[in-house]
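Architecture at a glance
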Amino acid sequence: MSLTRTLRQGLWQNIVSARKNVGDRNLTRMISSSASTKEAQKAEEKKQPESSATDLMPAPALNRARFVYPEFLPDPKMEWRNLIREKLERSDMMKRRRNIDIPEFYVGSVLAVTSSHVHAQRKVSRFVGICIQRQGCGLRSRFVLRNIIDNLGCEIEYYMYDPTIQKIDVLKLEKRPDRELLYLRDALPEYSTFPLDMEPIPLPEGSPVPVNDIKVKMKGRPWTQKWEKKGLLGVEKLEISQKNLIRMARAAKPWEKHDLMLEYRKTIPEEEQKEIFSEVYSELHQLELTRRKMKRKRMFVKPVKSA
């Protein structure tokens, strides 16, 4: 019995010592592996450049790109997002911009769009009008032009990256204080009338885009919408009855201006905007420089020797 106990105790001591040795080895391996991973991380940090691709885009360029190229930003609703589709769309948009000059314009600018039309004379139509709406993102971005022709209000909606569009000319570059100018449908026709042969009004290079703070005079009721509830800045003061004032006070939501999550859901985060525009910034900047160079060539008139 004593021999059996001695053998068991010896066997147990061997097992304990073996486990202890294995544990020490594993601990040594873990320490060495953690040290090696730290060294590898330090080596990778040394290899990586100090500034990433998103940091190469200057802040003024990002702020300008938000307004000049809003169609490159995706829809803020997460249920409509698809990162692969958005990346492919940006690639197609850049290919389209290499073939056609899409200039800078805003809601309130006067444009002339030349597009191919099967039933038009010479298969080409040209429409001049003021941009009253600009919406959509990606390849679905579109804008609406309005003009009064023969005392009749005409509006045409164009998809910005439609292959049938041959040329987009900015005849008058300016902004309006309102996001949309749909109220021009109920305004006097003089605010939406532009000659079809309107000559472009040049804007000095480098000067800021002017903001037209004109106050539009509306026609009499009925209107297509209840514009008095919109808080429009470009419309003359509208007369509101006491009954409508009570209704507006009941339907008002003053707390929404303090809702940060509401603003977050309606916009794209700045980090994501920077990542998106850094992807296409260099090529967009190069296309803009080329467009300015061609514009200077067209404006330059070669002098002729006099006899």
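Residues numbered from 1 in each chain as written. Predicted model: local features only at pLDDT ≥ 70, side-chain atom pairs only at ≥ 80, totals over all residues. Heavy atoms only, no water.

1. Here we look at the sheet that holds strand 3 (residues 142–149)
Either a parallel or an antiparallel arrangement is found when strands of a sheet pair, and the pairing is made through backbone hydrogen bonds. Counted only if it meets this: At least two DSSP bridges between two strands are needed for those strands to be called paired. Under the scheme used here, helices are H or I runs from DSSP no shorter than 4 residues and strands are E runs no shorter than 2 residues, and both carry numbers assigned from the N terminus. For helices, the fitted axis covers only the stretch in contact; all axes are lines through C-alpha atoms, and the angles between them, taken along N-to-C directions, range from 0 to 180 degrees.
An order of 4-3-2-1-5 is seen for the five strands of this open sheet, with the pairing classed as antiparallel. Each of the sheet's edge strands pairs with one partner strand only, and the pair in question is strand 4 (152–159) and strand 5 (165–172). The average undirected angle you get between the axes of adjacent strands in this sheet is 35 degrees. As judged from the six bridges shared by strand 1 (residues 110–116) and strand 5, these two strands associate in the antiparallel manner. Looking at the pairing, Val 110 lines up with Lys 172 of strand 5.

2. As for the pattern of salt bridges
Quick note on the threshold: We define a salt bridge as a side-chain nitrogen of Lys or Arg found within 4 Å of a carboxyl oxygen belonging to Asp or Glu.
Within this structure, the stated rule accounts for 19 salt bridges. Glu 279 is paired through a salt bridge with Arg 90; the nearest N and O atoms lie 3.1 Å apart. In this pair, Glu 279 is assigned in helix 6 (residues 270–299) and Arg 90 in helix 3 (residues 83–99), connecting sequence segments 189 residues apart. Several salt bridges share partner residues, and in doing so they unite Arg 64, Glu 104 and Glu 288 into one network.

3. Here's the deal with the environment of Glu 205
For the record, the criterion: Note on definitions: a residue-residue contact is assigned when non-hydrogen atoms from the two residues lie within 4.5 Å.
Here Glu 205 is to be found in the loop between strand 5 and helix 4 (242–251). Once the C-alpha coordinates of Glu 205 and Arg 292 are considered, the two residues, 87 residues apart in sequence, prove to be 8.9 Å apart. Among residues more than four places away in sequence, those in contact with Glu 205 are Arg 292 and Arg 296.

4. Let's talk about helix 3
As a reminder of what qualifies: Given a helix with a known number of residues, its expected span is that number minus one, times 1.5 Å. Here's how the labels work: a residue is buried when its accessible area is under 20% of the maximum for its type, exposed when over 50%, partly exposed in between, all with a 1.4 Å probe on protein chains only. It is the directions from the helix axis to the C-beta atoms that the arc portrays.
Taking 1.5 Å as the rise per residue, helix 3 with 17 residues should run 24 Å; its terminal C-alpha atoms sit 25 Å apart, in good agreement. For helix 3, the complete set of buried residues consists of Glu 86, Glu 89, Arg 90, Met 93, Met 94, Arg 96 and Arg 97. Seen from one end, helix 3 has its buried residues packed into an arc of 160 degrees, which puts them on one side. Exposed and facing more than 90 degrees away from the buried side of helix 3 are Ile 84, Leu 88 and Asn 99.

5. Quick look at unusual backbone geometry
Here Arg 221 and Pro 222 are connected by a cis peptide whose omega angle stands at 10 degrees. Here Pro 222 is to be found in the loop between strand 5 and helix 4. The phi angle at Arg 122 is positive, at roughly 60 degrees, despite the residue not being glycine. Inspection of the secondary structure assignment puts Arg 122 in the loop between strand 1 and strand 2 (124–135). Positive phi is not limited to glycine here, since Asp 150 has a value of about 55 degrees. Mapping Asp 150 onto the fold places it in the loop between strand 3 and strand 4.

6. A word on helix 2 (residues 59–68)
When helix 2 is considered as a whole, its buried residues turn out to be Ala 61, Leu 62, Ala 65 and Val 68. Buried residues of helix 2, viewed axially, fall in a sector of 135 degrees; they line one side. Of the exposed residues in helix 2, the ones pointing more than 90 degrees away from its buried face are Ala 59, Pro 60 and Phe 67.

7. Re the packing of aromatic side chains
Our working rule: Two aromatic rings from Phe, Tyr or Trp, using only the six-membered ring of Trp, form a pair when their centres are within 6.5 Å; if the ring planes differ by under 30 degrees the pair is stacked, by over 60 it is edge-to-face, and anything between is tilted. Placement of a positive charge over a ring is assigned whenever Lys NZ or Arg CZ falls within 6 Å of the ring centre and within 35 degrees of the normal to the ring plane.
Enumeration according to the criterion identifies four aromatic pairs in this entry. Aromatic rings pair up to connect Phe 105, Phe 143 and Tyr 158 into one cluster. The ring of Phe 67 is capped by Lys 175, whose NZ or CZ atom sits 5.8 Å from the centre of that ring. For the cation-ring pair, Lys 175 lies above Tyr 106, with the distance from its terminal atom to the ring centre recorded as 4.6 Å.

8. Focus: a positive patch on the surface
Short version of the rule: Patch membership needs two things, relative accessible area over 30% and no salt bridge, and members are linked within 9 Å if like-charged or within 5 Å if nonpolar (Val, Leu, Ile, Met, Phe, Trp, Tyr). Only the protein chains shown count as cover for residues, and all accessible areas are computed by the Shrake-Rupley method using a 1.4 Å probe. Within this scheme the basic residues Lys and Arg register as positive and the acidic residues Asp and Glu register as negative, but His and the chain ends are omitted. Throughout, a charge is located at the NZ atom of Lys, the CZ atom of Arg, the CG atom of Asp or the CD atom of Glu.
On the surface, Lys 226, Lys 229, Lys 243, Arg 247 and Arg 250 cluster together into a patch of positive charge. Structurally, Arg 247 is set in helix 4.

9. Overview of the nonpolar core
Using the following cut-off: Residues belong to one nonpolar core when they are buried, are Ala, Val, Leu, Ile, Met, Phe, Trp, Tyr or Cys, and are joined through side-chain atoms within 4.5 Å.
Ranked by internal contacts, the top residues of the largest apolar core, which has 49 residues, are Phe 72, Phe 143, Leu 145, Tyr 183 and Leu 184. Ranked by the residues each element gives to this core, the list is headed by strand 2, at five residues. Dropping the residues within four chain positions of it, Phe 143 is found in contact with Phe 105, Leu 111, Val 113, Cys 131, Gln 133, Arg 134, Ile 156, Glu 157, Tyr 158, Met 160 and Ile 168.

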